[in-house]
Amino acid sequence: MKGKFICHSDFALQRPVNVLGKGLKNANSEEKYQNRHVLFRKKFALEKFSTAKTRITADDYFKLYINGKFVTMGPPPGYPQRYYYMEKDVSEFLSEGENVLAAHCYYQGLVNHVWISADMRQMFWMELEVDGEVVMVSDESFKCSVHSGYTAIGKFGYDTAFSERYDSSAREVGFERIDFDDGYWGFVSIYKNADYKLIKSPIAPLNIYFAEPIVCEKRENGVTFLDFGQEMTGYLYAEAKGKKGDKIILRAAEELNADGSIRFDTRCNCRYEEEWILFGENDELRQYDYKAFRYAEIVVPEGARIEKIGMTVRHYPFVRRKYNSVENADLKKVLELCENTIEYGVQEAYLDCMTREKGQYSGDLAVSGRAHVVLKGDTSLIKKSLKDFCESTCVCKGMLAVTSSTRNQEIADYSLLFPALVAWVYSVDGDADFVRYCEPYATGIYEYFKKYEGADGLIGGVKDKWNLVDWPENLRDGYDFPLTEPVGDGEHNVLNAFYIGFIQSLSEIYEICGKSAIDVGGYKRSFIDAFYSVETGLFCDSRSKTHSAVHSNVLPLLFGIGTDDEKLKSRIIDFIYKKKLTSMGVYMSYFALAALVINGQKDKAQELATDKGAWLNMISEGATTTFEAWGKDQKWNTSLFHLRATAPVIVFNDLTRIY
């Protein structure tokens, strides 16, 4: 590769800050480095050509323009030792003669779930290949400037993003045009301490397109109300005329208030109120970061007016399927809700939500990743995501719960889901090389948890990782074990059931790789001895055997622990059916539905999935995408666009195995 890692001079001599490490107390970058919008630009000439493609990446992110036209954005988030570049055919954007390539790059500088930022790594890298020959690369000939039109006016979520003030009078507006005067710009610097290992992105670039509102209504006090008819991911776009210095207020929301105004101070801890300062000509709104919303309000001062308005939507490429063969009308509604969620929610990664965290959690991936593959029939993105989780073992051999980001969060339950998902992907595409790639990392997780095994093989005291069981906390069906951070002493049911499921899936991986399976029989016997209650005929939450949550019985049914006893199996099935999905969170509902269907109870699973307290309750509350919980008020900061709740499209399909 011939391109150089170029950067703004402020970052040229910066040494990478270690933000990846167990027990690190991560800190944001100094404020002067945060929210840095850095522009790169170069003019070049081309003779007659047939085809052209670019290889391109940036840290943290870029938006690419050629000859004034938007081309693509990226890259998918990755670790420095496995950092993604994108390859894109750009033939249609280039012409004979003079051309200009311009990139709007972004360094956020915050510790969060989104990127690996706050590490003082800022760079842009590219190569342009024309008719098979590299004719231009990122080097010292590029010019560079900070975009002064973007100012932070707050943060939202868990330091997830900055609220933006965009100033159309900034000198850099129009930087992407070929006739832009960059005479006052300086030249780039070379990032001296670059430590990236570049990997070609295996996934498609995002679909990016303009969507008009289905309702555009002028209200009092200069407010224009917008309804896009469906919660989606992206950012507002507008064109406006007014006086220089006019300030337009931009608001976005997932839902409405009782009076019909939008709830821009959202329940998921994101205050979506931003600003746009006009230059006084034909101004164009250029928001950079994205969010999830359905509704918007634009507040225009007297004398100014909006010429065009809409939403720039972004999501992973998707083709909708039809559910004409689904006879149950309620189930069809549920499946379509889940499909909406996957279509508009999946980005360059499987995020939990596009609002509060924008984080790729492995526990969410276990559901949303499967659902996406079932709907799209493509395993590229899920395999890329699983390889990202493999890289997270550079922090902890037992795997992180979220990648690729500076939030080094650890959840024991989530780590134990890894081999099952690898084996599931293999059942879809038969890629044994992928399984062999993942096997050492799955083995590493096993070695990590082995140190917590007691003499009987049960694990307890996994205090280095959060023991989740289910979320939110009030949907754990009274699970009787201290799930504090760190977790209480002793062994509890759900973590050990997941451990048994982990070992079974790891054995499946070993068989694919030609290795010997692990005998899980002893683990199952110990589990039954520890948690089965003769008095109730059910599994209990802990050795005390004082309480049986539905969670403590879902997983034994799923993993075949003691269920060779038909009477026990029948009791557990009846217990889950009686408890309904509303006794658990949307996370555990996937395992419950899967367990029922695997054990021949598809009708019961369908009844639970169409219970009025579950997905139909979301729909009754106005959902166009699945919620984080069964209802808006079940959690204090409920996300109304949460991919984890899409289990029905996995469970009620005939295309793949369920778990």
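Residues numbered from 1 in each chain as written. Predicted model: local features only at pLDDT ≥ 70, side-chain atom pairs only at ≥ 80, totals over all residues. Heavy atoms only, no water.

Along the backbone of the protein chain there are 14 helices and 27 strands. The C-alpha atoms of the protein chain give a radius of gyration of 26 Å, which matches the 26 Å a tight globule of 659 residues would have. Taken over the C-alpha atoms alone, the protein chain extends approximately 80 × 55 × 45 Å along its principal axes. Counting the 659 residues in the protein chain, one finds 64% classified as buried. The contacts of the protein chain with a sequence gap of at least 6 include a subset with a gap of at least 24, amounting to 76%. Looking at the protein chain as shown, the accessible area adds up to about 24000 Å², and 45% of this sits on carbon and sulfur atoms. Charged side chains in the protein chain number 80 positive and 94 negative. The centres of these two groups are separated by 1 Å. (Helix = DSSP H or I, 4+ residues; strand = E, 2+ residues; numbered from the N terminus. Rg over C-alpha atoms; globule rule 2.2 N^0.38 Å. Buried < 20%, exposed > 50% of the residue type's maximum accessible area, 1.4 Å probe, protein only. Contact = heavy atoms within 4.5 Å. Areas by Shrake-Rupley, 256 points an atom, 1.4 Å probe, with all protein chains shown as cover. Lys, Arg positive; Asp, Glu negative; His and termini not counted. Charge placed at Lys NZ, Arg CZ, Asp CG, Glu CD.)

What follows concerns the pairing of strand β19 (residues 247–253). Most of β19 sits out of view: six of its seven residues are buried. Sheet topology note: the β19/strand β20 (residues 273–277) ladder contains five bridges and is antiparallel. Residue pairing in the sheet places isoleucine 248 in a bridge with tryptophan 276 of β20. Judged from the five bridges that link them, β19 and strand β22 (residues 291–299) form a sheet pairing that is antiparallel. Among the inter-strand pairings, alanine 252 is bridged to a residue of β22, identified as alanine 296. (Pairing = 2+ DSSP bridges.)

All chains considered together, the criterion is met by 56 salt bridges. As a salt-bridge pair, lysine 53 and glutamate 87 come within 3.6 Å of each other at their nearest N and O atoms. Of the two residues, lysine 53 sits in strand β3 (residues 52–59) while glutamate 87 sits in strand β6 (residues 83–89), which places them 34 residues apart along the sequence. Classification of lysine 53 by relative accessible area gives partly exposed; the value is 28%. Between lysine 358 and aspartate 289 there is a salt bridge whose closest N-O contact spans 3.2 Å. Taken together, the residues span a long stretch of sequence, with lysine 358 in the loop between α1 (329–345) and β24 (360–361) and aspartate 289 in the loop between β21 (283–284) and β22 at a distance of 69 residues. A single salt-bridge network, built from bridges that share partners, covers Lys53, Arg55, Glu87, Glu127, Glu129 and Lys200. (Salt bridge = Lys/Arg side-chain N within 4 Å of Asp/Glu carboxyl O.)

Most often, soluble globular proteins keep nonpolar side chains buried together rather than apart. By size, the foremost hydrophobic cluster in this structure holds 176 residues, and its most contacted members are Leu555, Phe591 and Trp615. Beyond its immediate sequence surroundings of up to four residues, phenylalanine 591 is in contact with Leu417, Phe498, Val554, Leu555, Leu558 and Tyr659. If you look at the next biggest cluster of nonpolar residues, it comprises 28 residues, including Val38, Ile56, Ala58 and Leu128. (Core = buried A, V, L, I, M, F, W, Y, C linked by side-chain atoms within 4.5 Å.)

Our next topic: the packing of helix α3 (residues 380–391) against helix α5 (residues 418–429). Packing of α3 against α5 leaves a shortest axis separation of 11 Å and a crossing angle of 150 degrees. Between α3 and α5, the angle falls in the class roughly antiparallel. With respect to the hand of their crossing, α3 and α5 are arranged in left-handed fashion. Between α3 and α5, the residues in contact are Ile382, Lys383, Leu386 and Cys390 and Phe418, Leu421, Val422, Val425 and Asp429, respectively. Along the lines of polarity and charge, the residues of the contact of α3 with α5 split into seven nonpolar, no polar and two charged. (Axes fitted to C-alpha atoms, helices over the stretch in contact; angles between N-to-C directions. Parallel < 35°, antiparallel > 145°, perpendicular 65-115°, else oblique. Left-handed = near helix turned anticlockwise from the far one by under 90°. Nonpolar A, V, L, I, M, F, W, Y, C, P; charged D, E, K, R; others polar.)

For the rest of this paragraph, the subject is α5. An α-helical segment advances 3.6 residues per turn. Residues three or four places apart therefore align on the same side. Spanning 12 residues, α5 covers 17 Å between terminal C-alpha atoms, matching the ideal 16 Å at 1.5 Å per step. Taken as a whole, α5 has its buried residues at Phe418, Pro419, Ala420, Leu421, Val422, Ala423, Trp424 and Val425. Two residues or fewer past α5, glycine 430 is found with a positive phi of approximately 65 degrees. (Expected span 1.5 Å × (residues − 1).)

On to the sheet that holds strand β10 (residues 143–146), then. With antiparallel pairing, six strands are arranged side by side in an open sheet as β5-β4-β7-β2-β10-β13. Of all strands in the sheet, those with a lone pairing partner are β5 (69–74) and β13 (186–187), marking the two edges. Direction of pairing for strand β2 (residues 36–46) relative to strand β7 (residues 97–107): antiparallel, over a ladder of 11 bridges. Residue pairing in the sheet places arginine 41 in a bridge with alanine 102 of β7.

Examined bridge by bridge, strand β4 (residues 61–66) and β5 share five bridges and lie antiparallel to one another. The residue of β5 that forms the bridge with phenylalanine 62 is glycine 74.

Gaps left between atoms are located by rolling a probe of water-molecule size over the structure's atoms. A full pass over the atoms with the stated rule returns five cavities of 30 Å³ or more. Here the largest cavity defines a volume of roughly 180 Å³. Considering the residues around the largest cavity, the lining is formed by 17 residues, among which Tyr61, Trp115, Tyr290, Arg314 and Glu348 are closest to the centre. A per-class count over the lining of the largest cavity returns 11 nonpolar, one polar and five charged. (1 Å grid on protein atoms, 1.4 Å probe; cavity = no way out; pocket = protein on both sides within 12 Å on 5 of 7 lines; lining within 4 Å. Points joined across faces, edges and corners; volume = space filled by probe spheres on them.)

This part covers unusual backbone geometry. Residue serine 404 is bonded to the preceding threonine 403 through a cis peptide linkage, with omega at -20 degrees. The residue after tryptophan 471, namely proline 472, is reached through a cis peptide bond having omega 5 degrees. Along the chain, the position of proline 472 falls in the loop between α6 (432–450) and α7 (493–512). Unusually for a residue other than glycine, aspartate 131 sits at a positive phi of about 50 degrees. For aspartate 131, the position within the fold is in the loop between β8 (123–130) and β9 (133–137). Residue lysine 545 is not a glycine yet carries a positive backbone phi of 55 degrees. Summarising the element assignment, lysine 545 is placed in the loop between β27 (538–539) and α9 (551–559). The exposure class assigned to lysine 545 is partly exposed, which follows from its relative accessible area of 34%.

What follows concerns the packing of aromatic side chains. Scanning the entire structure with this criterion turns up 42 aromatic pairs. Summarising the aromatic geometry, the rings of tyrosine 499 and phenylalanine 502 are spaced 6.4 Å apart at their centres and angled 10 degrees between planes, so their arrangement reads as stacked. Highlighted residues: tyrosine 499 and phenylalanine 502, both in helix α7, separated by three residues, approximately one helical turn. Both residues of the pair, tyrosine 499 and phenylalanine 502, belong to the buried class. In this structure an aromatic cluster arises from ring pairing among Tyr361, Tyr414, Phe498, Phe559, Tyr587, Tyr590, Phe591 and Tyr659. In this structure, lysine 143 packs its charged tip against the face of phenylalanine 187, placed 5.6 Å from the ring centre. Positioned over the ring face of tyrosine 510 is lysine 515, at 4.5 Å from the centre of the ring. (Phe/Tyr/Trp six-rings, centres within 6.5 Å; stacked < 30°, edge-to-face > 60°. Lys NZ or Arg CZ within 6 Å of the ring centre and 35° of its normal.)

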